[in-house]
Each structure stands twice: as C-alpha cells, then as structure tokens.
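Reading the structure
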Amino acid sequence: MKPEQFIQHFAKSENIAQLTAFINESGGGAIALQGMAGSAPAVLAATVIRQSRKSFLFVLSERESAAYFFNDLENLMGERDLSYENRNIFLFPASFKKPYEVTETDNANVLLRSEVVNRLVSQGNKTIIVTYPE
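Our subject in this report is the structure included herewith. What you see is a predicted model, and the numbers here were worked out from it, not measured in a lab.

Brief notes about the packing of helix H2 (residues 14-25) against helix H3 (residues 40-50)
- The contact between H2 and H3 brings their axes to 10 Å, and the two run at 55°. The angle between the axes of H2 and H3 places the two elements in the oblique class. As H2 packs across H3, the resulting crossing turns out to be right-handed. Counted together, Ile16, Leu19, Thr20 and Ile23 of H2 and Leu44, Thr47 and Val48 of H3 form the full contact between these two elements.
- Taken together, the residues of the contact of H2 with H3 sort by class into 5 nonpolar, 2 polar and no charged.

Shown next, in the form of structure tokens:
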C-alpha cells in the first residue's frame, strides 16, 4: 500500500475528521497528543496536514524524536524526492552542539536554521516545521 492510500484510509476516521475540523475552524493554538507510539504521530499529522489549509509547527520532546518524526512525515507526504526549493516540510535544528557551551556552534545547523527562516519569509503557502525545545 502506498503512503497516499494509507493516509486516505486513515482520513476516513471520525476522530480525524473532528480534529481536522477543529484545526481548520480555530484561529490557531496548541494541541497536545499523548499515548501514541512509533510512526502513529506522523501518520496523524500527515493526514491532518493534507486536509488543512494552515501551516504547522511540531515541537517534539528531543532531537532524536524530532528527526524520526521529520523523516516519517517527509516520506508520508511524498516530499523525500523533491528538491529543497519545492519542499514544504523543514527541520529546524538547534544551533549549538552542547547545551551549556554556547561558544561551540554547529555551522551546518546554523545554515539549516537560516534556510528555514528564509523560506518562511518568502513562501506564501502552508509550511510545516518540525523542531525540539533545544
């Protein structure tokens, strides 16, 4: 089964329809989901994103969780093979290697962060950003 078919099947759920309607009708805000494991959060997110007109910011608990979620979301949304200019899903990493040594920056992450901010400024359509508290 292709990811698109899986998401369409998942979208038929009444709970997903209610969540999507709530997101589309509300002016924004935070939604916290708990008790989900594996790729279930990414499947839920991909389903809701496809049915919504809004941009999304996903803040996961740690860097590794954010990276896995980002990878799953990229695959489910079919953006894995797109060029960077055509993507709508971005990972916004921390700019520092070590949390308490701010003098050691990670130049690759600084570049990624700059590219994400530039895309936010220049892109008019919906954007999905995945990040973590760091």
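After that view of the structure, there is still more to cover.
Section: the packing of aromatic side chains
- In total, this model carries 3 aromatic pairs according to the counting rule given.
- Ring geometry for Phe6 and Phe10: centres 6.4 Å apart, planes at 20°, overall stacked. With a gap of 4 residues between them, Phe6 and Phe10 both fall in helix H1 (residues 3-10), about one helical turn apart.
- You can call Phe10 partly exposed: its relative accessible area is 28%.
- Taking the centre distance of 5.9 Å and the plane angle of 10° together, the rings of Phe56 and Phe58 count as stacked. Accessibility assignment for this pair places Phe56 and Phe58 in one class, buried.
- By way of ring pairs, the aromatic residues Phe56, Phe58 and Phe69 are connected into one cluster.

Describing the environment of Arg53
- Among the structural elements, Arg53 can be located in the loop between H3 and strand S1 (56-59).
- It is 6.8 Å that separates the C-alpha atoms of Arg53 and Lys126, two residues lying 73 residues apart in sequence.
- The residues touching Arg53, leaving out its near neighbours within four places in the chain, are Asn24 and Lys126.

Description of the pattern of salt bridges
- The tally for this structure, following the rule as stated, stands at 1 salt bridge.
- Its salt-bridge partner being Arg50, residue Glu4 comes within 3.1 Å of it at the nearest N-O pair. Of this pair, Glu4 sits in helix H1 while Arg50 sits in helix H3, and the two are 46 residues apart along the sequence.

Structural notes on the pairing of strand S3 (residues 128-131)
- Of the two faces of S3, both are covered, the one formed by Ile128 and Val130 as well as the one formed by Ile129 and Thr131.
- Pairing of S1 with S3, which is carried by 4 bridges, proceeds in the parallel orientation. Bridged to Val59 within S3 is Thr131.
- By the bridge criterion, 4 bridges tie strand S2 (residues 89-92) to S3 in an arrangement that is parallel. Across the sheet, Phe92 pairs through a bridge with Thr131, a residue of S3.

The rules behind these values
- Residues numbered from 1 in each chain as written.
- Predicted model: local features only at pLDDT ≥ 70, side-chain atom pairs only at ≥ 80, totals over all residues.
- Heavy atoms only, no water.
- Axes fitted to C-alpha atoms, helices over the stretch in contact; angles between N-to-C directions.
- Helix = DSSP H or I, 4+ residues; strand = E, 2+ residues; numbered from the N terminus.
- Parallel < 35°, antiparallel > 145°, perpendicular 65-115°, else oblique.
- Left-handed = near helix turned anticlockwise from the far one by under 90°.
- Contact = heavy atoms within 4.5 Å.
- Nonpolar A, V, L, I, M, F, W, Y, C, P; charged D, E, K, R; others polar.
- Phe/Tyr/Trp six-rings, centres within 6.5 Å; stacked < 30°, edge-to-face > 60°.
- Buried < 20%, exposed > 50% of the residue type's maximum accessible area, 1.4 Å probe, protein only.
- Salt bridge = Lys/Arg side-chain N within 4 Å of Asp/Glu carboxyl O.
- Pairing = 2+ DSSP bridges.

Remember that the coordinates give geometry; whether it matters functionally is a separate question.
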